[in-house]
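Structural description and commentary
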Amino acid sequence: MLRNRLIVFGLLILSLVGISFYGGPVSYGFFFLMLAIPAISAIYAAAVYFRFRIYQKINAKVLVVETPVDFYFTLQNETSFAFASIRTDFFSKYSTISGFDPDTEYELFPHSGIDKQTILVCRYRGEYEIGIDHVIVRDFLKLFTFSFKNNETITVTVIPRLVIVEGITAIECMSLTAPDSLTNMSEPDVLVRDYIPGDDIRMINWKLTASTFKPSVRKQTGINTPAISIIMDSHRVGTDPDDYLPLENKILETTIALTYYYLENGVKVRIYAYESEPVCYAADAPDDFEDAYNKLSYFSFREDNTSEKLFGFASEVPEIGNSSAVIFVIHEPDDAYMILKNDLEKGTATTATCLVTDKNADKTPDTVVIGYDADLKEVFS
């Protein structure tokens with residue numbers, strides 16, 4: 001491209017010399033031709049922009065993080081003149097495209113197209129654009145390059161993946177299995193507490209609810225059954241997807257992996273979070289995992305889901321303190337977290353913390369640090 005530009009520039013200088021020293025219709029005609037080349041290139045690029053078509057398709061409505069899916073795209077020339085050089089630029093922050101060379105330049109003849117099948121992999125949970133981001137066009141003489149935004153992008157919903165952890169040895173209290181605990185009662189008694197979204201509706205005391213106009217559920221006493229309480233960070237850090245997508249993805253991935261691991265080992269799980277209001281996702285057996293997974297996959301992080309709201313709500317749930325262990329999945333050990341953690345440890349609860357961060361953090365005996373791109377199998381082993 002540089003060589004062609006130098007040639008055109010040299011010819012322009014030559015035409016200037018011609019009209020300066022010789023004049024005449026030939027010299028002026030040559031001069032105006034050289035001036036017209038940039039305008040002709042711009043008109044050509046505009047024609048390509050308005051008549052060029054991109055068609056994209058994926059074989060799934062909902063994608064899973066790090067799970068390859070087939071991605072198809074078609075570059076179509078619907079005009080009566082050829083396109084000299086077309087190149088595509090793909091979204092690359094949150095997804096990757098493999099199976100072809102992204103630097104390939106295509107030449108499209110009139111009323112023709114090129115079909116490509118590639119592999120798409122999404123890196124983070126969330127909703128964002130994938131596929132072709134920009135189209136790069138060069139004119140016939142390869143003097144100028146024009147980049148156009150693709151106005152027909154695809155927006156996909158991506159849910160977190162399930163990482164199956166074989167064992168948890170990074171923190172001793174997190175390696176709990178069914179015979180290890182004598183807490184968390186499972187038979188209903190007459191004692192009641194306020195209803196929390198996510199509680200089993202079978203435990204609702206309907207007579208008391210009708211008389212007080214306030215939903216109440218029976219507390220659990222009786223048979224000893226192990227249970228883990230997971231308190232999941234629900235706060236969205238800012239408005240930039242670059243900041244919150246990797247963090248939210250790893251928080252959910254960690255929570256889901258822990259839930260699956262404990263259920264498979266005969267341990268009940270209660271997940272406490274804040275989604276505009278307090279929520280509790282209960283899973284008592286492996287058959288309950290799918291429901292918990294679906295709820296977590298579409299969980300809404302919000303900026304106003306502050307740690308003060310989450311941990312303030314958690315401090316009022318007595319079942320958390322009666323758990324076999326309490327696991328915090330957080331992005332920052334702030335004051336609200338420390339207050340609840342200290343209060344729980346004053347009782348009988350054992351706590352552990354999964355700190356999800358991209359910053360350097362020191363590992364402590366009861367804290368495991370999880371980077372955004374960390375392999376949970378390695379982290380917990």
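So, a few notes on the structure that sits alongside this text.

Calculation rules
- The residue numbers shown here count from 1 along each chain, following its written sequence.
- Local features in this predicted model are restricted to residues whose pLDDT is 70 or higher, and side-chain atom pairs enter the listing and the counts only when it is 80 or higher, whereas totals over whole chains, interfaces and linings include all residues.
- To obtain the side-chain values, all non-hydrogen atoms of the structure were used and water was disregarded.
- Strands are runs of DSSP state E lasting at least 2 residues, helices are runs of H or I lasting at least 4, and numbering of each runs from the N terminus.
- By the criterion applied in these results, polar contacts are pairs of N or O atoms within 3.5 Å in which, for protein atoms, one can donate a hydrogen and the other can accept it, and in which residues neighboring in sequence qualify only through two side-chain atoms.
- By salt bridge we mean one thing: a side-chain nitrogen of Lys or Arg within 4 Å of a carboxyl oxygen of Asp or Glu.
- Accessible area is worked out with a 1.4 Å probe on protein chains only. A residue is then buried under 20% of its type maximum, exposed over 50%, and partly exposed in between.
- Think of the arc as the fan of directions from the helix axis to the C-beta atoms.
- Between two residues, a contact is recorded if the distance between any of their heavy atoms is within 4.5 Å.
- Paired rings are identified among Phe, Tyr and Trp, the last through its six-membered ring, by centres lying within 6.5 Å, and are further divided according to the angle between planes into stacked (under 30 degrees), edge-to-face (over 60) and tilted (the rest).

By secondary structure assignment, the location of asparagine 77 is in strand β3 (residues 69-77). At 3.2 Å, the side chain of asparagine 77 and the backbone oxygen of leucine 108 are in polar contact.

A word on the pattern of salt bridges. Here the structure, examined in full by the defined rule, presents 15 salt bridges. Glutamate 253 is paired through a salt bridge with lysine 250; the nearest N and O atoms lie 2.8 Å apart. With glutamate 253 and lysine 250 both in helix α4 (residues 241-264) and 3 residues apart, the pair spans about one turn of that helix. Using a relative accessible area of 1% as the deciding quantity, one classes lysine 250 as buried. Here lysine 346 makes a salt bridge to aspartate 343, at a shortest N to O gap of 4.0 Å. Of this pair, lysine 346 and aspartate 343 both sit in helix α8 (residues 335-346), 3 residues apart, which is roughly one turn of that helix.

A few words on helix α5 (residues 289-297). Those residues of α5 not exposed but buried are Phe289, Ala292, Tyr293, Leu296 and Ser297. Projected down its long axis, α5 shows its buried positions confined to an angular sector of 135°, all on one face. If you follow the buried residues of α5, they end up packed against β11 (154-159), β14 (227-232), α4, β15 (268-274) and β16 (278-283).

The full count for this structure, using the stated rule, is 18 aromatic pairs. Centre to centre, the rings of tyrosine 261 and tyrosine 262 are 5.2 Å apart; their planes meet at 75°, and the pair counts as edge-to-face. Relative accessible area serves as the criterion here: at 0%, tyrosine 262 is assigned to the buried category. Measuring from centroid to centroid gives 5.1 Å for phenylalanine 299 and phenylalanine 301, while their planes differ by 80°, and the two rings are edge-to-face. On the basis of relative accessible area, phenylalanine 301 is assigned to the buried category, the value being 4%. Three or more aromatic residues joined by ring pairs make a cluster, and in this case those are Tyr44, Phe52, Phe81 and Phe83.

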